[in-house]
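# Results of the structural survey
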Amino acid sequence: MIDISNVNKWYGNFQVLTDCTTSVKKGEVVVVCGPSGSGKSTLIKCVNMLEPFQKGTITVDGISVGDKGTDLPKLRSRVGMVFQHFELFPHLTITDNLTLAQIKVLGRSKDEAMAKGLGLLDRVGLKAHAHKFPGQLSGGQQQRVAIARALSMDPICMLFDEPTSALDPEMINEVLDVMVELAQEGMTMMCVTHEMGFARKVADRVIFMDKGHIVEDCTKDDFFGTPRSERAQQFLSKIL
Ligand code: ADP
Ligand code: MG
């Protein structure tokens, strides 16, 4: 579903990604972890070209994201992305947040978009909040709306960038529960997260990044059992 091959990226003279190669198969859940500044967000943003890269190729469902001819808005509409800071439209109600892109990008009717949006809102346990504005919800609730909004576009895969790291501890699980459910339903997911409980529960593979390199890319059992690099061992000893 996602194929990342020899990706190199520079910010000016600073090389942020070096020879990154990995892939995510249909239905697979891959967790990306590693120290702050190691390039996790940059790599995941390259997948839908929110960040351009100078060398290498990335394909999503067979479409090369870096090709000049690729319809990026169309591709992005099929790749769900959930960020650390929710990024809901603050001036729109939850309902409007859930239906806007369905109507504008996918051309769904208002009724169709509303039915889909409310169904997903119910699924993340927030149906009673449909008429509110994002600012009236807790962080955990806003992030669940953000996930529902991404799902409303019927994505072929989902990208998460530290979706729980801005949340108070008591709200982390309500978001992780939604993510676990998605994973168990077979959604293809690439998740930057340090929630190792989540990784242990649903990850098929774990990628560990350091200084722009993918230094570990293995099954979760290998990762938690015998990570090969010293850097990954140090990292695990700090967060577990
Ligand atoms: P992570 O998500 O693993 O914390 P990032 O991908 O955000 O890492 O950043 C990797 C490195 O690239 C960091 O050193 C960061 O300072 C640098 N960086 C990120 N965005 C930019 C940018 N727009 N311009 C210059 N450097 C950047
Ligand atoms: Mg990051």
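Residues numbered from 1 in each chain as written. Chains lettered and ligands numbered in written order. Predicted model: local features only at pLDDT ≥ 70, side-chain atom pairs only at ≥ 80, totals over all residues. Heavy atoms only, no water.

Looking at an unreviewed UniProt entry, the protein chain carries the name Amino acid ABC transporter ATP-binding protein, with the source organism given as Limnobacter humi. In UniProt, the protein chain has this text filed under Subcellular location (unreviewed entry): "Cell membrane". (UniProt positions renumbered as here; feature names shortened; annotations may be inferred.)

UniProt records the feature "domain: ABC transporter" (unreviewed entry) at residues 2–236, using the numbering of this structure. Between the first and last C-alpha atoms of residues 2–236 the distance is 26 Å; the span itself is 38% helix and 26% strand. (Helix = DSSP H or I, 4+ residues; strand = E, 2+ residues; numbered from the N terminus.)

Bringing the site of ligand 1 into the picture now. The local shell around ligand 1 consists of Y11, F14, V16, P35, S36, G37, S38, G39, K40, S41 and T42. One nitrogen or oxygen atom from the main chain of S38 is found 3.1 Å from an oxygen atom belonging to ligand 1. Summarising the interface, the protein chains cover 58% of the accessible area of ligand 1, which totals 570 Å² for the free molecule. For the shell around ligand 1, the elements supplying multiple residues, two or more each, are β2 (14–24) and α1 (40–47). In terms of residues, the shell around ligand 1 owes the most to one element, α1, which gives 3 residues. Considering only residue class, the shell around ligand 1 consists of 4 nonpolar, 6 polar and 1 charged. (Near = heavy atom within 4 Å. Polar contact = N/O pair within 3.5 Å; in protein donor to acceptor, adjacent residues only side chain to side chain. Areas by Shrake-Rupley, 256 points an atom, 1.4 Å probe, with all protein chains shown as cover. Nonpolar A, V, L, I, M, F, W, Y, C, P; charged D, E, K, R; others polar.)

This next bit is on the side chain of Q102. Along the chain, the position of Q102 falls in helix α3 (residues 94–104). Within polar-contact distance, the side chain of Q102 engages the backbone oxygen of L98 at 2.9 Å. Other than its neighbours up to four places away in sequence, Q102 contacts G107, R108, E112, A113, K116, G117, S152 and M153. (Contact = heavy atoms within 4.5 Å.)

Further remarks concern the sheet that holds strand β10 (residues 213–219). Ordered by their spatial adjacency, 6 strands build an open sheet running β6-β7-β8-β3-β9-β10, and the pairing between neighbours is mixed. If you trace the sheet from one side to the other, it starts and ends with β6 (79–82) and β10, each paired once. Neighbouring strand axes in the sheet, compared pairwise and without regard to direction, differ in orientation by 15° on average. Its contacts with the sheet place helix α6 (residues 169–184) against β3 (29–33), β7 (157–161) and β8 (189–192), and it is angled at close to 150° to β8. (Pairing = 2+ DSSP bridges. Axes fitted to C-alpha atoms, helices over the stretch in contact; angles between N-to-C directions.)

Attention now goes to α3. All of the buried residues in α3 are I94, T95, N97, L98, T99 and Q102. Next to the buried residues of α3 lie α4 (110–123) and α5 (139–151). (Buried < 20%, exposed > 50% of the residue type's maximum accessible area, 1.4 Å probe, protein only.)

Within the secondary structure, D221 is located in helix α8 (residues 220–225). Residue classification places D221 among the exposed positions, given a relative accessible area of 61%. Put simply, D221 and M187 are 34 residues apart on the chain and 21 Å apart in space, counted from C-alpha to C-alpha.

With that out of the way, let us pick up the pairing of strand β4 (residues 55–60). Walk down a regular strand and you will see the side chains alternate between the two sheet faces. Here strand β1 (residues 2–11) pairs with β4 via 5 bridges, running antiparallel. Each bridged residue has a counterpart across the sheet, and for N8 the counterpart in β4 is K55. Sheet topology places β4 next to strand β5 (residues 63–64); 2 bridges connect them, and they run antiparallel. Its bridge partner lying in β5, V60 is registered against I63.

Ranked by internal contacts, the top residues of the largest apolar core, which has 48 residues, are I147, M158, F160, M179, M189, F198 and F223. Here this core gets 9 residues from one element, more than from any other, and that element is α6. The contact partners of M179, leaving out residues within four places of it in the chain, are I147, F160, P163, M189, C191 and F198. Listed in part, the 29 residues of the second largest apolar core include V47, V65, M81 and M209. (Core = buried A, V, L, I, M, F, W, Y, C linked by side-chain atoms within 4.5 Å.)

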